[in-house]
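# Structural overview
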Amino acid sequence: MLGLRAARDTARLTIDAYTALIRERMGAEMPTLRRNRPYMHGERTVRVRWSRDEPAIVHVLGARSRTPLFDPGDSEFFAGLRTERFGADPLGDPFTFGFRAFFWDSPEAEIATRSPLEPGSERYYQFRSGDTVAVRLSNGGVLRAVAVTAVPRYPSIRLVSAIMWIDAESFGLARVAYRLAKPIDRELTWQLRSGGRWSPRAYIEIGTENPDESTVAPDSTPDRPLFVDRLVNGAFNSAFPRSRLDISTVIAEYGLWEMRHWVPRSVTWRLHVTAMMEGVNAAGVVPPVAPFMIDWTLDIEDIRERGGEPSPGTPATAAEALRLWSQAGDSISGALAAAKPGEMVTITPADRQALVTSDLLPPDVWEEDRGVDDATVERIAAELAAIGTGDGGDRAEAPSPWLFDAPGRTLRLLRYNPVERLSMGTRLQRDYSWGRAALTARFGTARVAPDVNLTLQRNHPGHMMLVSLYRSLRDGGPGDGRGTPGIYATGDAADFHWSHGATIRFLPSIRERVWLSLRLFAEQDADIVTDATRNRIGAAVAWTPWWGSLESGSVGGGGRVSVRASEGDNPHVRAVAEGALVIPLSSRLRLGLQAGTARVWGDPAPHDLWRIGGSGHWLRGHANTIPGTRVHMARVDLQRRIRFLGLSVFGDWASAGGDDFYAVGAGLVFMDGLLRLDVARGLGGGRGGGPDPVLTLHFRGGDAWF
């Protein structure tokens with residue numbers, strides 16, 4: 001580490017200026033329980049002239065953004081995340097990348113991360129050397145680099161878990177990978193109003209620059225928010241699920257330019273956003289994870305060393321670069337004469353449409369042309385997640401591990417159903433280095449015993465384990481994992497039952513979509529009306545894959561296979577298999593096909609039977625549910641897209657107990673299937689006199705294939 005710091009200080013004195021081409025790509029996905037959809041993506045290409053003694057000049061060569069979730073065919077000008085700020089200083093600190101993606105135009109970005117490269121960082125980190133690995137250079141050569149791990153002494157969003165690969169001969173930094181020492185969760189709040197005005201934004205409490213500062217200076221005390229602002233923001237934060245931002249992986253690759261200078265070559269940046277695991281238990285639905293990605297590459301065109309002359313065709317000064325690269329009518333940010341070294345003057349051509357269609361733009365972030373391949377990113381992400389925390393250090397920056405939601409003050413814990421009536425919840429949670437423990441209790445106004453759940457969450461680099469002890473109200477099949485009532489549930493008390501037991505569940509890591517799940521359970525289920533009880537032990541496994549590109553207009557397909565088996569009272573095996581295929585017929589017309597089958601073997605109780613009809617998941621247009629031990633279904637859906645809205649016509653067929661049921665209808669599809677509003681008419685009641693076909697309205701969100 002001493003050699004690395006000395007080498008960087010020496011290198012800062014040898015480079016006077018450089019020019020480079022920087023290509024930026026970013027993208028975000030909108031997740032559901034079934035599959036992810038591309039939410040938006042943007043690409044940007046700029047040419048940068050950086051100088052030690054002058055402001056940097058940035059010339060925008062291409063800029064395009066698209067929102068496939070709303071209108072896949074429309075492209076707009078993309079202002080970008082200004083990731084040229086990351087690479088403008090070739091010897092800048094790579095550990096500023098994480099927060100600058102949030103606060104690139106704020107001084108908070110400069111003080112956010114406590115860098116392991118700074119002198120005195122031993123106060124915050126422990127360092128240990130690792131293996132010597134081979135690093136392949138861009139010219140085909142190979143050098144040996146030593147891996148050095150920076151272990152944060154305590155969990156804080158100001159610290160990082162990092163691995164640095166250092167050239168053993170030159171002490172140059174060949175690669176650095178890191179993640180924040182803890183996810184951003186309780187530090188994140190939402191503000192809808194500020195200063196008496198509506199200005200929705202996310203606010204991250206970074207903390208003071210100096211951990212020794214325990215008080216705020218009188219002249220820096222912020223103004224007290226207005227009453228209406230506090231009321232609106234408080235109500236929203238208590239009702240909206242807490243978000244978790246996990247900057248899971250940042251990988252900066254460096255190249256040895258002409259065997260003399262280590263300069264940044266590419267940065268791969270991965271963020272995952274999800275609802276906090278506070279409300280998740282081993283038997284419930286795990287919130288989908290929203291991936292957010294940034295990739296940028298830097299191609300050096302010329303480096304001018306101290307005392308050297310610029311190459312032919314390369315601007316010798318910032319003023320010359322501004323004169324050569326700008327044209328009449330271009331938009332120029334700021335005056336060059338007023339800018340200081342380290343600041344940027346950006347030239348944006350007047351013809352924005354030419355920027356949107358530029359041939360210099362890179363492909364979108366989901367294509368395979370990446371600085372670091374997915375397999376390498378996943379391997380490094382697992383290594384970073386396994387670093388943990390060290391010993392000692394001033395833990396004044398570390399947040400309290402305890403979090404308490406008082407009863408009645410957290411709107412997200414309110415719910416209503418026929419059994420509890422109005423139910424208020426409270427939760428006590430504690431964070432540990434290995435995961436989290438949460439105790440949740442709900443008390444209903446109907447004077448029933450409380451709903452109680454104690455869940456332990458254990459995080460591993462490659463997977464997550466949840467252990468729950470509970471007395472839980474369910475409105476679905478016992479042990480099914482999808483039967484916890486939501487915010488508002490109607491029906492008869494006979495449709496609900498109490499479940500007492502313990503469950504262990506294994507899931508993919510927090511940063512991945514839940515596509516594979518294994519659950520072991522031991523439960524006693526008690527009917528509310530009949531008081532009948534059933535004791536069971538069993539296991540359940542579910543697999544929900546999805547194949548296909550995130551590119552708009554591409555073919556996609558997926559499915560769901562789940563099996564649950566239980567022993568004890570009413571032993572049985574419950575299985576389902578379904579598949580779906582989405583076929584684009586034109587730029588705005590697509591066809592969806594779905595088929596499935598489900599069966600129950602053994603001695604099932606009434607709640608263990610498969611039920612279709614009422615929910616509209618497999619059959620629409622019937623008001624009541626149709627139970628059966630064997631169910632088949634097929635569906636055809638034709639959609640015409642108009643911006644973020646789609647018009648759908650569909651037909652459903654289902655068979656239960658030897659009877660056939662049909663339905664046809666039309667609907668509105670919002671945001672590529674995230675939400676659906678369908679009107680369906682049943683066409684058949686079956687030979688056994690099933691429920692009468694009716695005209696019904698179905699609202700679905702998050703679990704539709706198309």
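Residues numbered from 1 in each chain as written. Predicted model: local features only at pLDDT ≥ 70, side-chain atom pairs only at ≥ 80, totals over all residues. Heavy atoms only, no water.

## Looking at the overall build of the chain
When its secondary structure is counted, the chain shows eight helices and 35 strands. The dimensions of the chain, computed from C-alpha atoms along their principal axes, are 95 × 60 × 55 Å. Taken over 706 residues, the chain has a buried fraction of 50%. For the chain, restricting intrachain contacts to residue pairs at least 6 apart in sequence, the fraction spanning at least 24 positions comes to 61%. (Helix = DSSP H or I, 4+ residues; strand = E, 2+ residues; numbered from the N terminus. Buried < 20%, exposed > 50% of the residue type's maximum accessible area, 1.4 Å probe, protein only. Contact = heavy atoms within 4.5 Å.)

## Considerations on the confidence of the model for the chain
Atom-level detail of predicted coordinates should not be read off regions where pLDDT is low. Of all residues in the chain, 91% attain a pLDDT of 70 or more, and the chain-wide mean is 85. Between residues 213-222, whose pLDDT stays under 50, and residues either more than four places distant or in other chains, the model counts two contacts. Between residues 477-481, whose pLDDT stays under 50, and residues either more than four places distant or in other chains, the model counts 21 contacts. (pLDDT = per-residue confidence, 0-100.)

## A word on the pattern of salt bridges
As enumerated under the stated definition, the model contains 39 salt bridges in all. Of the charged contacts, one joins Glu-578 and Arg-34 as a salt bridge, the two residues approaching to 3.3 Å between their closest N and O atoms. Of this pair, Glu-578 sits in strand S27 (residues 572-584) while Arg-34 sits in the loop between strand S1 (15-30) and strand S2 (37-51), and the two are 544 residues apart along the sequence. For Arg-34, a relative accessible area of 9% puts it in the buried group. Across the pair Glu-523 and Arg-474 runs a salt bridge whose closest N-O atoms are separated by 3.6 Å. Of this pair, Glu-523 sits in strand S23 (residues 516-527) while Arg-474 sits in strand S21 (residues 463-474); the two residues are 49 residues apart in sequence, bridging distant segments of the chain. For Glu-523, a relative accessible area of 4% corresponds to the buried category. Overall, Arg-474 belongs to the buried group, its relative accessible area being 3%. Residues joined by salt bridges that share partners form a network here, namely Lys-182, Asp-185, Arg-186, Glu-187, Asp-431 and Arg-436. (Salt bridge = Lys/Arg side-chain N within 4 Å of Asp/Glu carboxyl O.)

## Quick word on the side chain of Arg-513
With respect to the helices and strands, the residue Arg-513 is situated in the loop between strand S22 (497-508) and S23. Of the side chains with opposite charge, Glu-29 comes closest to the buried, unpaired Arg-513, at an N-O distance of 7.6 Å. Within polar-contact distance, the side chain of Arg-513 engages the backbone oxygen of Thr-544 at 2.9 Å. Once you skip the residues sitting within four places of it in the chain, Arg-513 turns out to touch Thr-32, Leu-33, Arg-34, Arg-35, Asn-36, Pro-508, Thr-544, Pro-545 and Trp-546. (Lys, Arg positive; Asp, Glu negative; His and termini not counted. Polar contact = N/O pair within 3.5 Å; in protein donor to acceptor, adjacent residues only side chain to side chain.)

## Regarding a nonpolar patch on the surface
A grouping of Ile-504, Phe-506, Trp-515, Leu-516, Leu-518, Leu-520, Val-541, Trp-543, Trp-547, Val-561 and Val-563 is seen on the molecular surface, where their side chains present a nonpolar patch of about 890 Å² in accessible area. The dominant element in the nonpolar patch, judged by the number of residues it contributes, is S23, at three residues. Here Trp-515 lies in the loop between S22 and S23. (Patch = residues over 30% accessible without salt bridge, like charges linked within 9 Å, V, L, I, M, F, W, Y side chains within 5 Å. Areas by Shrake-Rupley, 256 points an atom, 1.4 Å probe, with all protein chains shown as cover.)

## A few points about helix H1 (residues 2-11)
Taken together, the buried positions of H1 are occupied by Gly-3, Leu-4, Arg-5 and Arg-8. Looking at the packing, one finds that the buried side of H1 touches strand S5 (125-136), strand S7 (160-167) and strand S8 (173-180).

## With respect to the environment of Gly-621
By the element assignment, Gly-621 lies in the loop between strand S29 (610-612) and strand S30 (626-628). Sequence separation between Gly-621 and Ala-663 is 42 residues; the distance between their C-alpha atoms is 5.6 Å.

## Overview of the packing of aromatic side chains
One pass over the full model with this rule turns up ten aromatic pairs. Judged by centre distance (6.2 Å) and plane angle (80 degrees), the rings of Trp-190 and Phe-240 are edge-to-face. Of the two residues, Trp-190 sits in strand S9 (residues 188-194) while Phe-240 sits in the loop between helix H5 (227-239) and strand S11 (243-257), which places them 50 residues apart along the sequence. Ring pairing ties together the aromatic residues Trp-190, Phe-236 and Phe-240, which thus form one cluster. Note that Arg-175 overlies the ring of Trp-165, its terminal NZ or CZ placed 5.3 Å from the centroid. (Phe/Tyr/Trp six-rings, centres within 6.5 Å; stacked < 30°, edge-to-face > 60°. Lys NZ or Arg CZ within 6 Å of the ring centre and 35° of its normal.)

## Notes on helix H6 (residues 318-325)
Residues lying three or four places apart along an α-helix face the same way, a consequence of the helix completing one turn every 3.6 residues. Within the span of H6, buried status applies to Ala-318, Ala-321, Leu-322 and Trp-325. The arc that holds every buried residue of H6, seen down its axis, measures 100 degrees, which confines them to one face. Those residues of H6 hidden inside the fold are in contact with S2, strand S3 (56-67), strand S14 (331-332) and strand S15 (344-348). (Arc of directions from axis to C-beta.)

## Here's the deal with the environment of Ile-184
Along the chain, the position of Ile-184 falls in the loop between S8 and S9. For Ile-184, a relative accessible area of 0% gives the class buried.

## Side note on the side chain of Arg-44
Structurally, Arg-44 is set in strand S2. Reaching out from Arg-44, the side chain makes a polar contact with the backbone oxygen of Ala-79 at a distance of 3.3 Å.

## A short note on the nonpolar core
Counting 75 residues, the largest nonpolar core has Phe-95, Met-164, Val-176, Tyr-178 and Ile-300 as the members making the most contacts within it. The next biggest cluster of nonpolar side chains, apart from the first, holds 14 residues, and it includes Val-576, Ile-612, Met-633 and Ala-656. (Core = buried A, V, L, I, M, F, W, Y, C linked by side-chain atoms within 4.5 Å.)

## Overview of unusual backbone geometry
Look at Asn-570: it is not a glycine, yet its phi comes out positive at around 50 degrees. Positive phi is not limited to glycine here, since Asp-672 has a value of about 60 degrees. Here Asp-672 is to be found in the loop between strand S33 (659-670) and strand S34 (675-682).

## Concerning the pairing of S27
In terms of strand pairing, strand S26 (residues 556-568) meets S27 through eleven bridges, oriented antiparallel. Paired with Ser-566 across the bridge in S27 is His-572. The sheet contact formed by S27 and strand S28 (residues 589-602) spans 13 bridges and is antiparallel. Bridge pairing in S28 places Pro-584 opposite Arg-590. (Pairing = 2+ DSSP bridges.)

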